[in-house]
Amino acid sequence: MTDVLLAEVREGVAVLTLNRPESRNALNSDLLRALPLAMTRADEDDSVRVIVLTGADPAFCAGLDLRELGSTGDNLRGGATPSERGLAVPWPSISKPVIGAVNGAAVTGGFELALQCDFLVASERARFGDTHARVGLVPAWGLSVLLPQAVGVRYAKEISLTGNFVDADEACRIGLVNRVVPHERLMMTVLEIAADIVANDRAAVQAVLGGYRAVAATTTDAGLRVEADLARSWNAGSGKFDPAEVERRRQSVIERGRSQVKP
């Protein structure tokens, strides 16, 4: 059986690769369990100074696996662990910098994984989309807080309410990604940036990063709690989430998404 997540350490950099390429690295329960474990191991490994998160081509991450979501719905809950804010997210509390190497489509839950990274470098093939409203879900992993932080409230509302995708150049223009590079140079560029971080004083890097995160927490914690309360109510308490409805919409969601991720 193929590992759903690959981990490799290169000269102080842990490269974690979501590895379900046949499903565009969609998040099934197995991958949702594997990701936080791999990130925690990398954070606890003294030889690792920087973490890079990417996906096996052709996508970064297509979000929750709609087949599983439309049948059992287990991946809506599976693998989620409480963060330091008490929210159920597939992203543990870690102390090291995380760079997102976005090699293709980052959609909904995959978009939220990208937003959790400290910063992003994108391939020219990268596309970003929030399809929660298309599928019949609400964000639960920080998107409604982290996306407006990155691009502004009005642009974030347009992205979420339309479900339309943003291409790599537009993502760079609006501040969602730091830079866009040719696809074949993506990992080379990210590893060069990571090497610059590795070359700095380890304690100072973690202290500076901790400062940024602490400052952000002063304005984001309340918003994340609001999002978490809404998600819990929508997904469990209100009965508005229906796996059968996800299955009914699945093919049209996939087809609309594919039409928007073509170069």
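Structure's up top.
Notes on the structure follow. (Residues numbered from 1 in each chain as written. Predicted model: local features only at pLDDT ≥ 70, side-chain atom pairs only at ≥ 80, totals over all residues. Heavy atoms only, no water.)

A short note on the sheet that holds strand 3 (residues 50–55)
Strand-to-strand pairing in sheets goes through backbone hydrogen bonds, with the strands running parallel or antiparallel. Pairing in this open sheet of six strands is mixed, and the strands run 1-2-3-7-9-12 from one edge to the other. At either margin of the open sheet sits one strand with a lone partner, and together these are strand 1 (5–10) and strand 12 (179–181). Put simply, the sheet's adjacent strands are angled 20 degrees from each other on average, direction ignored. Where strand 1 lies against strand 2 (residues 13–18), six bridges are found, and the strand directions are antiparallel. Bridge pairing in strand 2 links Leu 5 to Leu 18. (Pairing = 2+ DSSP bridges. Helix = DSSP H or I, 4+ residues; strand = E, 2+ residues; numbered from the N terminus. Axes fitted to C-alpha atoms, helices over the stretch in contact; angles between N-to-C directions.)

Here's the deal with the packing of helix 5 (residues 143–151) against helix 6 (residues 153–162)
Running from N to C, helix 5 and helix 6 point in directions that differ by 130 degrees, and their axes come no closer than 7 Å. The orientation of helix 5 relative to helix 6 falls into the category oblique. Remark: the crossing between helix 5 and helix 6 carries right-handed chirality. Contacts between helix 5 and helix 6 pair Leu 143, Leu 147, Pro 148 and Val 151 from the former with Val 153, Tyr 155, Ala 156, Ile 159 and Ser 160 from the latter. (Parallel < 35°, antiparallel > 145°, perpendicular 65-115°, else oblique. Left-handed = near helix turned anticlockwise from the far one by under 90°. Contact = heavy atoms within 4.5 Å.)

Here's the deal with the packing of aromatic side chains
The final tally for this structure, using the stated rule, is one aromatic pair. When the ring of Phe 111 is compared with that of Phe 128, the centres are 5.6 Å apart and the planes differ by 50 degrees; the resulting orientation is tilted. Within this pair, whereas Phe 111 is found in helix 3 (residues 109–116), its partner Phe 128 is found in strand 10 (residues 127–129), the two being separated by 17 residues in sequence. Taken individually, Phe 111 and Phe 128 each receive the classification buried, so the pair is uniform in this respect. (Phe/Tyr/Trp six-rings, centres within 6.5 Å; stacked < 30°, edge-to-face > 60°. Buried < 20%, exposed > 50% of the residue type's maximum accessible area, 1.4 Å probe, protein only.)

As for the packing of helix 3 against helix 5
At their nearest, the axes of helix 3 and helix 5 sit 10 Å apart, and the two run at 60 degrees to each other. In this view, helix 3 runs oblique relative to helix 5, as classed from their interaxial angle. Crossing hand, helix 3 versus helix 5: left-handed. Across the interface between the two elements, Phe 111, Glu 112, Leu 115 and Gln 116 from helix 3 touch Leu 143, Leu 146 and Leu 147 from helix 5. A per-class count over the contact of helix 3 with helix 5 returns five nonpolar, one polar and one charged. (Nonpolar A, V, L, I, M, F, W, Y, C, P; charged D, E, K, R; others polar.)

Comments concerning the sheet that holds strand 11 (residues 166–167)
In spatial order, the strands read 4-8-10-11; together these four strands make up an open sheet with mixed pairing. Edge positions in the sheet fall to strand 4 (59–61) and strand 11, since each of these pairs with one other strand and no more. The pairing of strand 8 (residues 105–107) with strand 10 spans three bridges and is parallel. If you follow Ala 105 over to strand 10, its bridge partner there is Arg 127.

A look at helix 1 (residues 29–44)
In a regular helix each residue adds 1.5 Å, so 16 residues correspond to 22 Å; helix 1 covers 23 Å between its end C-alpha atoms and thus fits that length. Within the sequence span of helix 1, burial applies to Ser 29, Leu 31, Leu 32, Ala 34, Leu 35, Pro 36, Ala 38, Met 39, Ala 42 and Asp 43. (Expected span 1.5 Å × (residues − 1).)

Examining the pattern of salt bridges
Per the counting criterion, the structure on display carries six salt bridges. The residue Arg 10 makes a salt bridge to Glu 8 at a minimum N-O spacing of 3.3 Å. Of the residues examined, Arg 10 reaches a relative accessible area of 33% and is grouped as partly exposed. Here Glu 8 falls in the partly exposed class, since its relative accessible area comes to 43%. The salt bridge involving Asp 118 is made with Arg 213; its shortest N-O contact spans 2.8 Å. Placement of Asp 118 in the loop between helix 3 and strand 9 (119–123) and of Arg 213 in helix 9 (residues 202–237) is noted, with a sequence separation of 95 residues between them. On the basis of relative accessibility, which here comes to 30%, the residue Asp 118 falls in the partly exposed class. (Salt bridge = Lys/Arg side-chain N within 4 Å of Asp/Glu carboxyl O.)

Considerations on unusual backbone geometry
Here the residue pair Asp 57 and Pro 58 is connected by a cis peptide bond, since its omega of 20 degrees sits within 30 degrees of zero. With respect to the element layout, Pro 58 can be found in the loop between strand 3 and strand 4. Positive phi is not limited to glycine here, since Thr 108 has a value of about 55 degrees. The topology assignment puts Thr 108 in the loop between strand 8 and helix 3.

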